[in-house]
Amino acid sequence: MNPEIESYQRLIDIGRALSAESNLERLLERILREAKNITRADAGSLYIKTDRDTLAFAIVLNDSLGLYQGGTEGDPITFPELPLRHRDGAKNMASVATRSLHLGATIYFADVYETPEDELQERRVFDKMTGYCSRSFLTVPLKNVHMESIGVLQLLNATDLHGNVVEFSENARPLSEAMASQAAVAMEYRRLLDDQAMLKRQLEREVDERTEELRNALFKLSEAHVVMKDLTTIDAVTGLRNRRFFDDTLQQEWRRAERQKYPIALLMLDIDHFKKVNDTYGHLAGDICLEGVARCMAELFKRPSDVLARFGGEEFVAIMPYMEHERALEFAERVRATIGETSFSADSSLINVTVSIGVATTVPDNCSCPRQLIAEADAAMYEAKAAGRNKVRD
């Protein structure tokens, strides 16, 4: 069979095998080994983009150095992750792998040592450290269906039939790019399956916890009643829930937390010197300020279980189930800082306000009640005001 036809037939077979592979580590190792064999590369690495904005080695193979790290049975990875950006935020282009990921393009070198000295210093440092001599390079980004680079396939030192290092053949590039494309799709498919399984388990847990309450709610409420109740629990000025909704929700969450033994955090927030805002800019500007503070808070509270409400006047309150005390304090500091750094536009004026926040946390039991939690948060808020305002206290 023609060698070129044989390579593409092998590529088809690899694609079928990748689609059926369920183990991600085995999948990545299969990708790299097949890419090395097809291109006759002496060495290769497969990198995965991490949430830490780095490229991490998933597997390293080097025949000349006898290296086998990562994968299913290799030694632990000893090479450090490659930062994608410098400390000043600039893109790291010193590495062939990071450069390929940033450009989203294949990078080919017949001989990397023929490039200028000030480029690709990282590769020269690697060779000096390991005693290897990197010459020919073929580096391909792995892209998902959104054309986002999620990793890099890098092949080093193509060899001829006598084992001499040569440049990669003309067919090596399209074959490697096709394999990288298959690999990225298979990796994304595997990630989607994993995410789906995780979401399914999470949903099953939540359904089990809420089934009894949902049955009771559905038995009592018709669709029209639900819509009407929703309309009557929205504060007209801020768009947040009102005090009535807050009281009802806190009672329900309290009973649930008492049964399941999880903590509830309560944040009580008051705009400092709000009367001065009304006196200086007018009550319409004061309403704009209230709405702006509410909007800032709504953008920060992202968890579905969190409930924001206007408590009354210039006071706001937040119920945060499953929130430990230290995390609640850290979050309150973030809320305070964000509001303090935000300007609200009213007519031709920019209004800046600060807030004082009280934080109280408890695990409900039959010896306590929601009113106690509210009183503790309220007292902490007044303590923050007494301390000079623009503070968080508990």
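Residues numbered from 1 in each chain as written. Predicted model: local features only at pLDDT ≥ 70, side-chain atom pairs only at ≥ 80, totals over all residues. Heavy atoms only, no water.

Caption draft 1: Structural detail: the packing of aromatic side chains. One pass over the structure, following the stated rule, counts 6 aromatic pairs. Judged by centre distance (4.5 Å) and plane angle (45°), the rings of Y47 and F57 are tilted. Note that Y47 is positioned in strand β1 (residues 41-49) and F57 in strand β2 (residues 54-62), a separation of 10 residues in sequence. Residue class for F57 comes out buried when judged on its relative accessible area of 16%. Pairing F57 with F79 gives two aromatic rings, centres 5.5 Å apart and planes at 40°, and the pair type is tilted. With F57 in strand β2 and F79 in the loop between β3 (67-70) and β4 (82-83), this pair connects stretches of sequence that are 22 residues apart. Accessibility expressed as a relative area gives 13% for F79, which makes it buried. Cluster of aromatic residues (ring-pair linked, three or more members): Y47, F57 and F79. The positively charged end of R33 is found above the aromatic ring belonging to Y68, 4.9 Å away from the centroid. For R241, the ring lying beneath its charged end belongs to F245, and the centroid distance is 4.2 Å. (Phe/Tyr/Trp six-rings, centres within 6.5 Å; stacked < 30°, edge-to-face > 60°. Helix = DSSP H or I, 4+ residues; strand = E, 2+ residues; numbered from the N terminus. Buried < 20%, exposed > 50% of the residue type's maximum accessible area, 1.4 Å probe, protein only. Lys NZ or Arg CZ within 6 Å of the ring centre and 35° of its normal.)

Caption draft 2: Representation of the packing of helix α7 (residues 243-260) against helix α11 (residues 370-386) in the model. At a minimum axis distance of 10 Å, the contact between α7 and α11 shows a crossing angle of 115°. Across the interface between the two elements, F246, L250, Q251 and W254 from α7 touch P370, L373 and I374 from α11. Tallied by class, residues from the contact of α7 with α11 come to 6 nonpolar, 1 polar and no charged. (Axes fitted to C-alpha atoms, helices over the stretch in contact; angles between N-to-C directions. Contact = heavy atoms within 4.5 Å. Nonpolar A, V, L, I, M, F, W, Y, C, P; charged D, E, K, R; others polar.)

Keep in mind these values describe shape, not function.
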